[in-house]
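Below, each chain spelled out in residue letters.
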Amino acid sequence: MLDIQLIRQDTEQVRAALAMRGSEFNIDEILNADKQRRELLQETEKLKAHRNTVSKDIGHMDNDGDRSKLVAEMRNVGDHISLLDRQVRDVESKLESLMLELPNIPDPGTPQGTNDNDNVTVREVGKERAFDFTPKPHWDIGSELGIIDFERGVKLSGSRFYILNNAGARLQRALISFMLDLHTSQGYSECYLPFMVKQINFTAAGQLPKFSDNIYHDVEDDAWFVTTAEVPLTNLHRDEILDSDILPLYYTAYTPCFRREKVTAGKEVRGIKRGHQFDKVEMYALTHPDESYRALEKLLADAEETCTKLGLRYRVRRLCTGDLGFGSRITYDIDVWAPGCNEWLEVSSISNCGDFQARRANTRFRPTKGTKTKYVHTLNGSGLGLPRTLIAVLENNQQADGTITIPEVLRLWMSGEETIG
RNA sequence: GGAGGGAUGGCCGAGUGGACUAAGGCGGUUGUCUUGAAAACAACUGUGGGGGAAACCUCACCGGGGGUUCGAAUCCCUCUCCCUCCGCCA
């Protein structure tokens, strides 16, 4: 959520900044509702102050004519107040829903652009491995080694579901453990989170109201399946006022992620790249506003370290204004190279959301004792998405004889095994 | 799932319709005293909104929402969460 005061004062800058995202937003309607709200508030509060004073006087009066005259008068004032209060409530809920639809303002340094073609590659790390045979895509590797079962996944749950077997399942588990341990050593505290959360968590994280299409949920129990650990992590300190000396807070968590993914089809469906259920290890930070850009670089460096430790070739891209996520001010993507399916796979998206989520989640801190509270800044980054990392590990480490060499950092969780197959 | 009991400020805890401007205590901050500390004493000690250049004024908030009333922490309805007991259960 943006600061309404900012919209009020720097209307044109806000309008211009949001326009860079490539869609129209109704700022005028917001300003209108805001003005209406304040006018109604002043009116109703004046009446309430009056009623409070008179009611107090009534309490001290004898039960005579004057008293009943005042009571009658206050009854009228009360009716007027409830009328105005109803109007205030209406305009406030209208204002709130409008505010919740507004995305974050892009960082001024964000490259201009309309879609992912305009994202800017910051650096490329690692060399492409020279194969003396044609590298296979992971769906062939997985089937041949019997470690990915597509048919039975579909039988159980429909398209976009698969089963990992034996070394496949174990390799994913090894990756999760490796990532969690690495992030812990990088200064994150690990947490195990609920995989279903209440709707309010999604609103606070900025996934609702806009992306309800993508979220599986059970209406009866207000149970919403997490689309990313970012959602519960954003809400860990919802409605809290933090002591400034505990900032920055760094968290890491493994969760499955559930997404409807209605939009894509065709080539995107092949293999395990984009399922309705996938695993992810997430990094998350809550920081002092002055520290969030430094924290962004930390998250990026920590995600990159995950790639280098696994020996993966990757590139870092800075997202353009048109590709930026709803709540983000600035986002880096990390893509790893997959030689079998012959494409860059996005394994991480690292964002500084500024105070956007903190406003929605009402997460504040007190800079120094006795001063007013301020909103923290929040950052999130995948560290990393599992299926795509698994794809990259399989495709990059395949051998001519069809076996897979297990990256050294993972062998600890693979009983010391060096190969699969 | 059933029955009963609860939810009050940073914490403990009093408060069953009008001085609640929420008692009292603990904790915290500042001050007095002291060489310093402790003790004692005193004052202050929540969040958010609106108006205002500011001083300041004002409104709301006693788990959430709604209602009754001139007036609600207090009465009514409803929801959530916690505790005790019973049932079921990995």
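Now for a look at the structure at hand.

### Re the layout of surface pockets
Next, step 1: Approximately 360 Å³ is the volume found for the second largest pocket.
Next, step 2: In terms of lining, the second largest pocket is formed by 14 residues, of which the most central are M1, L2, I4, L95 and M99.
Next, step 3: Within the residue set of the lining of the second largest pocket, elements represented by two or more residues are α1 (4–9), α3 (27–60) and α4 (65–101).
Next, step 4: If you tally residues by element for the lining of the second largest pocket, the top one is α4, at four residues.
Next, step 5: Of the residues belonging to the lining of the second largest pocket, the class tally is six nonpolar, one polar and seven charged.

### Let's talk about the protein's contact with RNA strand B
Next, step 1: In the vicinity of RNA strand B there are 25 residues, among which R37, E45, S55, R366 and T373 approach most closely.
Next, step 2: Counting only the atoms of RNA strand B within 4 Å of the protein, the fraction contributed by sugar and phosphate is 77%.
Next, step 3: Between RNA strand B and R37 there is a distance of 2.7 Å, counted from a sugar or linking oxygen to a side-chain nitrogen or oxygen.
Next, step 4: Between RNA strand B and R38 there is a distance of 2.9 Å, counted from a phosphate oxygen to a side-chain nitrogen or oxygen.
Next, step 5: Listing elements by their share of the surface near RNA strand B, those giving two or more residues are α3, α4 and β14 (363–366).
Next, step 6: No other element matches α3, which puts 14 residues into the surface near RNA strand B.
Next, step 7: For the surface near RNA strand B, the per-class residue count stands at six nonpolar, six polar and 13 charged.

### Notes on the packing of helix α7 (residues 166–185) against helix α10 (residues 292–309)
Next, step 1: Contact geometry for α7 and α10: axes closest at 11 Å, N-to-C directions at 135°. One finds that α7 runs oblique with respect to α10. Here α7 runs over α10; the crossing is right-handed. Residues F178, M179, L182 and H183 of α7 pack against D302, E305, T306 and K309 of α10.

Quick notes on the rules
- Residues numbered from 1 in each chain as written.
- Chains lettered and ligands numbered in written order.
- Predicted model: local features only at pLDDT ≥ 70, side-chain atom pairs only at ≥ 80, totals over all residues.
- Heavy atoms only, no water.
- 1 Å grid on protein atoms, 1.4 Å probe; cavity = no way out; pocket = protein on both sides within 12 Å on 5 of 7 lines; lining within 4 Å.
- Points joined across faces, edges and corners; volume = space filled by probe spheres on them.
- Helix = DSSP H or I, 4+ residues; strand = E, 2+ residues; numbered from the N terminus.
- Nonpolar A, V, L, I, M, F, W, Y, C, P; charged D, E, K, R; others polar.
- Near = heavy atom within 4 Å.
- Polar contact = N/O pair within 3.5 Å; in protein donor to acceptor, adjacent residues only side chain to side chain.
- Axes fitted to C-alpha atoms, helices over the stretch in contact; angles between N-to-C directions.
- Parallel < 35°, antiparallel > 145°, perpendicular 65-115°, else oblique.
- Left-handed = near helix turned anticlockwise from the far one by under 90°.
- Contact = heavy atoms within 4.5 Å.

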